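Per-entry structural report
Given next are the chains, with one letter for each unit.
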Amino acid sequence: MTFDLLITGAQVYPGDSPPAVVDVAVADGVIAAVGHDDRWEAREVIEGRGLILCPGFIDLHAHSGLRPFVDPLLSPKTGQGFTTELIGPDGLGPSPLSREAWPTRLAYLAPIEGHGPDQASWTSMDEYLAALQEARPATNPVASVGHTDRPLPPWYIGYRLQKSRRTVNLGE
């Protein structure tokens, strides 16, 4: 069988079983086979002997909501093996946000996430996600919806407060 890529003899840490020295075959950008078969061929072969091979890591608390707009390769992340990031985990992400609030939010986010665009081309979460996709980040971003700069209605604040108290009291 012929694959696009074959990584041979690497110490593979699959995450769900003990590590093993095996070959990994890739076809159309997807892992197609793991193991060893002398009949496997590939257009490109990488000798993995002495190297570690593992699945991409997931960063569940990433501050990369702005960085893809100025550094889509995200070298600090991909260099560590991260392939997926949960961005905006603290609620103060780059969206949703009014254009008037952008300079203030950017001033807050820049030391944490790096400086993004001088002016956001989005105000809604859908627009932000479209802009993020257009930036083509090297990782797979999973965006949390940030706090808005618009005031919340009093009924909603009361509802959330009541629900929070109930959760704390019930230990849920």
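Everything numeric in this text was worked out from a predicted model, so none of it was measured. (Residues numbered from 1 in each chain as written. Predicted model: local features only at pLDDT ≥ 70, side-chain atom pairs only at ≥ 80, totals over all residues. Heavy atoms only, no water.)

So, about helix α3 (residues 125–135). Buried within α3 we find M125, Y128, A131, L132 and A135. Burial along α3 is one-sided: seen end-on, the buried residues are contained in an arc of 125°. Opposite the packed face of α3, turned more than 90 degrees from it, sit the exposed residues D126, Q133 and E134. In this structure, the buried residues of α3 make contact with β7 (82–87) and β8 (140–143). R136, located one to two residues past α3, shows a positive phi value of around 55°. (Buried < 20%, exposed > 50% of the residue type's maximum accessible area, 1.4 Å probe, protein only. Helix = DSSP H or I, 4+ residues; strand = E, 2+ residues; numbered from the N terminus. Arc of directions from axis to C-beta. Contact = heavy atoms within 4.5 Å.)

Quick look at a nonpolar patch on the surface now. A contiguous nonpolar surface patch, about 360 Å² in accessible area, is contributed by W155, Y156 and Y159. Take Y159: it is sitting in helix α4 (residues 154–170). (Patch = residues over 30% accessible without salt bridge, like charges linked within 9 Å, V, L, I, M, F, W, Y side chains within 5 Å. Areas by Shrake-Rupley, 256 points an atom, 1.4 Å probe, with all protein chains shown as cover. Salt bridge = Lys/Arg side-chain N within 4 Å of Asp/Glu carboxyl O.)

A separate point is the environment of G35. Structurally, the position occupied by G35 is in strand β3 (residues 30–35). Apart from the residues within four sequence positions on either side, G35 is in contact with V22, D23 and W40.

The next subject is the pattern of salt bridges. A full pass over the atoms with the stated rule returns five salt bridges. In this structure, R39 engages D37 in a salt bridge whose closest nitrogen and oxygen atoms are separated by 2.8 Å. Note that R49 is salt-bridged to E47, the shortest N-O span being 3.8 Å. Classification of E47 as partly exposed rests on a relative accessible area of 43%. In the salt-bridge network here, residues are joined through shared partners; they are D59, K77 and E85.

This brings us to the sheet that holds β7. In space, the three strands of this open sheet follow the order β6-β7-β8, with parallel pairing throughout. One side of each edge strand has no neighbouring strand; the edge strands of this open sheet are β6 (57–62) and β8. Along the sheet, successive strands turn relative to each other by an average axial angle of 20°, direction set aside. (Pairing = 2+ DSSP bridges. Axes fitted to C-alpha atoms, helices over the stretch in contact; angles between N-to-C directions.)

This part covers the packing of aromatic side chains. If you walk through the whole model with that rule in mind, you get six aromatic pairs. Judged by centre distance (5.1 Å) and plane angle (25°), the rings of F69 and W122 are stacked. Of the two residues, F69 sits in the loop between β6 and α1 (75–78) while W122 sits in the loop between α2 (102–113) and α3, which places them 53 residues apart along the sequence. Since its relative accessible area comes to 24%, F69 is described here as partly exposed. (Phe/Tyr/Trp six-rings, centres within 6.5 Å; stacked < 30°, edge-to-face > 60°.)

Before going further, it helps to spend a moment on the side chain of E85. Residue position: E85 is located in strand β7. A relative accessible area of 1% means that E85 is categorised as buried. Those residues in contact with E85, other than ones at most four positions away along the chain, are D59, A62, S64, L74, K77, T139, N140, P141 and V142.

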